[in-house]
Amino acid sequence: MEFSGPTLFRIPSREVSQIFAWRDAPPADFAVIGDPIGHSRSPQMHRAAYAALGMSYRYVAIQVPVGEVREALDSLTVKGYRGVNVTVPHKSEALAWARAPDELTSRIGAANTLELATGRATNTDAPGFLKTLADLNVKAGASILIFGAGGSARALAAVLPTAGYRVSIWNRTHSRARNLADEFSLNFLAEPVLDADVLVNTTSVGLQGNELPLDWKQARGGSLAYDLVYGRTPFLDNAAEWGLRTVDGKPLLAAQGSLSFEWWLGIKPPPGVMLEAIR
Ligand code: NAP
């Protein structure tokens, strides 16, 4: 079914975990696309914000296989979708689709927020991460060690040095970390020496319950261990055991969602509503 213009709908609660194939996407205003997409918490976050503000937009989760991003986004545009969040593994393809990405998003090479009618694109992961650091009282000048050199590490690398942080990077595949270090003026580490105020795990290793090869004896008690994966991971469990403060990926998910919401609608969700929706 196709329609034009912004159409407002009530949000049936039975839709909370419903996933649509992009060819069967229902009339709606906003969506998150990815593959897989069943794990995404974005629909519940955005719906909670609409409810808190008395808005009746409709936000759905849509599965888009690799290689079909352009076709899917064109189709959602025709169906009248206003905005789309993009998650793994489509953030680079989303940027390639966009006609008007902002400068930071082009530098990062990945977009997670699109406005379909205009082709505008932005990346709210990077400023969202900075927001969470500020909330955690990590001030400019602090030293940050990034583990990993994939897409999310790249987003962090693009903003942390310019925000005044001193950044080192280690990755299992050294060449990828070295490339990011060269591009964004980071300190490349061949070994993961845990000598920093903030240790950020951007690898996906914790998703399978696995661990990075770290010597936690080196860590400074009282520093912060931050894992981008949502929920407890061996990285955070070890850090807590060695006396570090810990934070998982939920505050970042809420921060990037809140920034996307504001970018589309020009209004901030009430503080805490999105994070509360995914606790
Ligand atoms: P990615 O581009 O696929 O990069 C994955 C990284 O993990 C690479 O550095 C890879 O190292 C490393 N890695 C994977 N398995 C490993 C292992 N067994 N041992 C050591 N290193 C390993 O992924 P991404 O997009 O950066 O995302 C990474 C994680 O962040 C995902 O779990 C994602 O869900 C999470 N994330 C969360 C948020 C949020 O809002 N909280 C936002 C973005 C991402 P190699 O280079 O050596 O392969």
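Per chain, residue numbering runs from 1 following the sequence as it is written. Where local features are concerned, this predicted model is filtered to residues with pLDDT of at least 70; where side-chain atom pairs are given and counted, the filter is 80 or more; whole-chain, interface and lining totals use all residues. Side-chain measures were taken over the full set of non-hydrogen atoms in the model, leaving aside hydrogen atoms and water.

Trainee: Which parts of the structure should I look at to understand the overall build of the protein?
Mentor: Check the secondary structure of the protein and you find 10 helices and 13 strands. In this treatment the radius of gyration is a C-alpha quantity, and the globule benchmark scales as 2.2 Å times the residue count to the 0.38 power. Its C-alpha radius of gyration of 19 Å places the protein within 12% of the 19 Å reference for a compact globule of 279 residues. In terms of overall dimensions, the protein has C-alpha extents of about 60 × 35 × 30 Å along its principal axes. We call two residues in contact whenever any of their non-hydrogen atoms come within 4.5 Å of each other. Partitioning the contacts of the protein with sequence separation of at least 6, the portion at a separation of at least 24 is 63%. Distance between charge centroids for the protein: 4 Å, based on 27 positive and 27 negative side chains. Only DSSP runs of H or I covering at least 4 residues are called helices, and only runs of E covering at least 2 are called strands; the numbering of each starts at the N terminus. All tallies of charge rest on Lys and Arg as positive and Asp and Glu as negative; His and the ends of each chain are not included. Taken as the charge location is NZ of Lys, CZ of Arg, CG of Asp or CD of Glu.

Trainee: How should the sheet that holds strand S13 (residues 245-247) be read in this particular structure?
Mentor: The strands making up a sheet associate through backbone hydrogen bonding, with each pair oriented either parallel or antiparallel. Taken together, the six strands give an open sheet; going across it, the order is S10-S9-S8-S11-S12-S13, and neighbouring strands pair in parallel fashion. Each edge of the open sheet carries a strand with a single partner, namely strand S10 (187-188) and S13. For two strands to be treated as a pair, DSSP must find at least two bridges joining them.

Trainee: Please clarify how the side chain of histidine 90 should be interpreted in this entry.
Mentor: Among the structural elements, histidine 90 can be located in the loop between strand S4 (83-86) and helix H3 (91-97). Three exposure classes are used, based on accessible area relative to the maximum for each residue type with a 1.4 Å probe and protein chains only: buried under 20%, partly exposed in between, and exposed over 50%. On the basis of relative accessibility, which here comes to 0%, the residue histidine 90 falls in the buried class. Not counting residues up to four positions away in its chain, the partners in contact with histidine 90 are Ile33, Gly34, Asp35, Val64, Pro65, Val66 and Val69.

Trainee: Explain the packing of helix H1 (residues 42-53) against helix H9 (residues 250-265) to me, please; I cannot follow it from the model alone.
Mentor: Each pair of packed helices gets described by two things: the angle between the helix axes and the distance between those axes. For helices, the axis comes from a line fit to the C-alpha atoms of the stretch in contact; other axes are also lines fit to C-alpha atoms, and the angle between any two N-to-C directions lies between 0 and 180 degrees. The N-to-C vectors of H1 and H9 enclose an angle of 55 degrees; their axes lie 10 Å apart at closest approach. The angle between H1 and H9 places the two elements in the oblique class. Where H1 crosses over H9, the two elements pack in a sense that is right-handed. Between H1 and H9, the contacting residues are Met45, His46, Ala49, Tyr50 and Leu53 on the first element and Leu253, Ala254, Gln256, Gly257, Phe261, Trp264 and Leu265 on the second. Oblique is the label for any angle not covered by the other classes, which are roughly parallel (under 35 degrees), roughly antiparallel (over 145) and roughly perpendicular (65 to 115). Crossing handedness: left-handed means the near helix sits turned counterclockwise from the far one by under a right angle, and right-handed means the same turn made clockwise.

Trainee: Would you take a moment to explain the pattern of salt bridges for this structure?
Mentor: Any Lys or Arg side-chain nitrogen found within 4 Å of a carboxyl oxygen on Asp or Glu counts as a salt bridge. One pass over the full model with this rule turns up 13 salt bridges. The partner of aspartate 197 in a salt bridge is arginine 220, with the nearest N and O atoms 2.6 Å apart. Placement of aspartate 197 in the loop between S10 and strand S11 (198-201) and of arginine 220 in the loop between S11 and strand S12 (224-227) is noted, with a sequence separation of 23 residues between them. With relative accessibility at 27%, the residue aspartate 197 sits in the partly exposed group. For arginine 220, a relative accessible area of 33% translates into the label partly exposed. Across the pair lysine 217 and aspartate 215 runs a salt bridge, and its minimum N-O distance is 3.4 Å.

Trainee: How should the pairing of strand S2 (residues 30-34) be read in this particular structure?
Mentor: Residues in a regular strand point their side chains to alternate faces of the sheet. S2 sits mainly inside the fold: five of its five residues count as buried. Alternating positions in S2 separate into two faces, Phe30, Val32 and Gly34 on one and Ala31 and Ile33 on the other, with burial throughout. The pairing of S2 with strand S3 (residues 59-63) spans five bridges and is classified as parallel. Across the sheet, glycine 34 pairs through a bridge with glutamine 63, a residue of S3. Handedness of the crossover joining S2 and S3 through H1 is recorded here as right-handed. The path from the first strand over the helix to the second decides the hand: if it runs clockwise while the strands point away from the viewer, the crossover is right-handed.

Trainee: Please clarify how the domain arrangement of the protein should be interpreted in this entry.
Mentor: Many descriptions give the size of an interface as the accessible area lost when the pieces come together. Start and end points for every domain follow an automatic or database-based domain assignment. Under the domain assignment, the protein is made up of domain 1 (13-123 + 251-278) and domain 2 (127-248). Between domain 1 and domain 2, the contact holds 11 residues from the first and 16 residues from the second. When two parts are brought into contact, each loses some accessible area as probed by a 1.4 Å sphere; the total of that loss over both is the buried area. Buried surface at the junction of domain 1 and domain 2, both sides included, amounts to about 1100 Å², of which 74% is carbon and sulfur. Ranking the residues of domain 1 by area buried against domain 2 places Arg107, Ile108 and Leu252 at the top, with a combined share of 45%.

Trainee: Which parts of the structure should I look at to understand the sheet that holds strand S7 (residues 120-122)?
Mentor: Ordered by their spatial adjacency, seven strands build an open sheet running S1-S3-S2-S4-S6-S7-S5, and the pairing between neighbours is mixed. The sheet terminates laterally at strand S1 (19-21) and strand S5 (100-101), the two strands that pair on one side only. With two bridges joining them, S5 and S7 adopt parallel strand pairing. Directly across from proline 101, in S7, lies its bridge partner alanine 121. Across the sheet, H1 touches S2, S3 and S4, and the angle it forms with S3 is around 165 degrees. The strands touched by H9 within the sheet are S2, S3, S4, strand S6 (113-115) and S7, with S6 carrying the most contacts at an inclination of about 10 degrees.

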